[in-house]
Amino acid sequence: MVIDIKKEIKRLKKEKDAVILAHNYQLKEVQEIADYVGDSFELAKIGKELPNKTIVFCGVRFMAESAAILSPEKKIILPVEDAGCPLADTITARDVKQLKEKYPGIPIVTYINSSADVKAESDYCCTSANAVEIVNAINSDTIIFLPDSNLGSFVQMHTEKDIILWDGHCPIHHKVNVEDIIRIKAVYENAFLICHPECRPEVIEICDSVCSTSKMIEEAKKTDKKTIILVTEEGMRHRLKKEITDKLIVVASPKLMCTDMKKTKIQHIYEALELEQTEIKIEKEIAEKAIIPLERMLKIMGKKKQFSGV
Ligand code: CIZ
């Protein structure tokens, strides 16, 4: 018997009181079947606010963990168990503890692309959109910034404070070099280049705008230029193409493809709903610690919202 998988997903969503969230970097067909598409923290917040009991998070592990930290009362399902993030994997909670011993009293700001264990050892969290603002708001002349050193270097360029970096990178963004940008600029001479702050500083320097994935939509809409070159994971192109129909959207290099982000297929979403697997559970003690840097971030951003339940 051939089943209509999209129909089955719809049925199971209702049966299990579930919502499907998909990251901006997911496959086109996954974005299309999702109820919400966005950046990781945006999605975790949406998941928290929705009434559904179950969240199917199409993304990588740390993203589902953030949703679990924010919504401990809900069932958070990651459709592909081994969808991970090589950047998040560059640091462990033990590494953070060692940094604290080495630099006592220096606040630790941790990018959202990190495990729950690492967040639990951190003082503040940040996203790529608010990293500069968070660092500047902290009452200390020196800050330890984890784990992405390109984002940390970007912050260093926009603050008077001294930033101690962790040597982590997103291998996808870090792979793009100046030659790639020069090459694509030569093809599309009059294009507007938008890059992610996880890119190398020398790449950032020759782009027109540097911002988080959610801000990219705004930036692409704002420019008069008719061609947009994205220097971020290629899934973002689908999101932009949907929202901006009168501009040509191009990805800077074929290197910008994250295999972990592309692991989730429609079939996995169906199985995830049917079997309610893989559930992402955070130990209560870790969740209670990990929510503190997230709440501090929200407080700085002026959203003094308190998350209950952990
Ligand atoms: O946290 C996210 O969603 C990522 C990976 C990047 C961004 O800028 O949205």
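Notes on the structure follow. Keep in mind it's a predicted model, so treat the numbers as computed, not measured.

## Points about the site of the ligand
For step 1, the next point in the chain: For the ligand, the full set of nearby residues is His 23, Tyr 25, Asp 39, Ser 40, Tyr 111, Ile 112, Asn 113, Ser 128, His 196, Ser 212 and Thr 213.
For step 2, the next point in the chain: One of the backbone nitrogen or oxygen atoms of Ser 40 is found 2.7 Å away from an oxygen atom of the ligand.
For step 3, the next point in the chain: Between the ligand and Thr 213, the relevant distance is 2.6 Å, taken from an oxygen atom to a side-chain nitrogen or oxygen of the residue.
For step 4, the next point in the chain: A total of 270 Å² of accessible area belongs to the ligand in isolation, and the protein chains cover 96% of it.

## Considerations on the sheet that holds strand E6 (residues 124-126)
For step 1, the next point in the chain: Pairing is parallel across the open sheet formed by four strands, whose spatial order is E6-E5-E7-E8. The open sheet has two edge strands with one neighbour each: E6 and strand E8 (162-165). Neighbour-to-neighbour, the strand axes of the sheet open up by a mean angle of 30 degrees, direction not taken into account.
For step 2, the next point in the chain: Contacts from helix H8 (residues 149-156) reach strand E5 (108-111), strand E7 (142-146) and E8, with the element oriented near 175 degrees to E8.

## What to know about the packing of helix H1 (residues 5-15) against helix H14 (residues 266-275)
For step 1, the next point in the chain: Look at H1 against H14: their axes get within 9 Å of each other, and the N-to-C directions meet at 30 degrees. On the basis of their axis angle, the class for H1 and H14 is roughly parallel. With respect to the hand of their crossing, H1 and H14 are arranged in left-handed fashion. Where H1 approaches H14, its residues Ile 5, Glu 8, Ile 9, Arg 11, Leu 12 and Lys 13 are matched on the opposing element by Ile 266, Gln 267, Ile 269, Tyr 270, Leu 273 and Glu 274.
For step 2, the next point in the chain: Each residue belonging to the contact of H1 with H14 can be placed in one class, and the counts come to seven nonpolar, one polar and four charged.

## Remarks on the side chain of Glu 198
For step 1, the next point in the chain: Note on placement: Glu 198 falls in the loop between strand E9 (192-195) and helix H11 (201-205).
For step 2, the next point in the chain: It turns out Glu 198 is buried and unbridged, and the closest side chain with the opposite charge, Lys 119, is 12 Å from it.
For step 3, the next point in the chain: One polar contact links Glu 198 to Tyr 111, side chain to side chain, over a distance of 2.5 Å.
For step 4, the next point in the chain: Residue contacts for Glu 198: discarding those within four places in its chain leaves Leu 87, Tyr 111, Asn 113, Asp 148, Asn 150, Cys 170, His 173 and His 174.

## Points about the state of the cysteines
For step 1, the next point in the chain: Applying the stated criterion across every chain yields a total of zero disulfides.
For step 2, the next point in the chain: Of all cysteine sulfurs in the structure, the one in Cys 126 sits closest to Cys 125, which takes part in no disulfide; the separation is 7.2 Å.
For step 3, the next point in the chain: Exposure remark for Cys 125: the relative accessible area of 0% places this residue in the buried category.
For step 4, the next point in the chain: This cysteine, Cys 195, is not joined by any disulfide, and Cys 207 carries the nearest cysteine sulfur, 4.0 Å off.
For step 5, the next point in the chain: Overall, Cys 195 belongs to the buried group, its relative accessible area being 0%.

Definitions and cut-offs
Residues numbered from 1 in each chain as written. Predicted model: local features only at pLDDT ≥ 70, side-chain atom pairs only at ≥ 80, totals over all residues. Heavy atoms only, no water. Near = heavy atom within 4 Å. Polar contact = N/O pair within 3.5 Å; in protein donor to acceptor, adjacent residues only side chain to side chain. Areas by Shrake-Rupley, 256 points an atom, 1.4 Å probe, with all protein chains shown as cover. Pairing = 2+ DSSP bridges. Helix = DSSP H or I, 4+ residues; strand = E, 2+ residues; numbered from the N terminus. Axes fitted to C-alpha atoms, helices over the stretch in contact; angles between N-to-C directions. Contact = heavy atoms within 4.5 Å. Parallel < 35°, antiparallel > 145°, perpendicular 65-115°, else oblique. Left-handed = near helix turned anticlockwise from the far one by under 90°. Nonpolar A, V, L, I, M, F, W, Y, C, P; charged D, E, K, R; others polar. Buried < 20%, exposed > 50% of the residue type's maximum accessible area, 1.4 Å probe, protein only. Lys, Arg positive; Asp, Glu negative; His and termini not counted. Salt bridge = Lys/Arg side-chain N within 4 Å of Asp/Glu carboxyl O. Disulfide = S-S within 2.5 Å.

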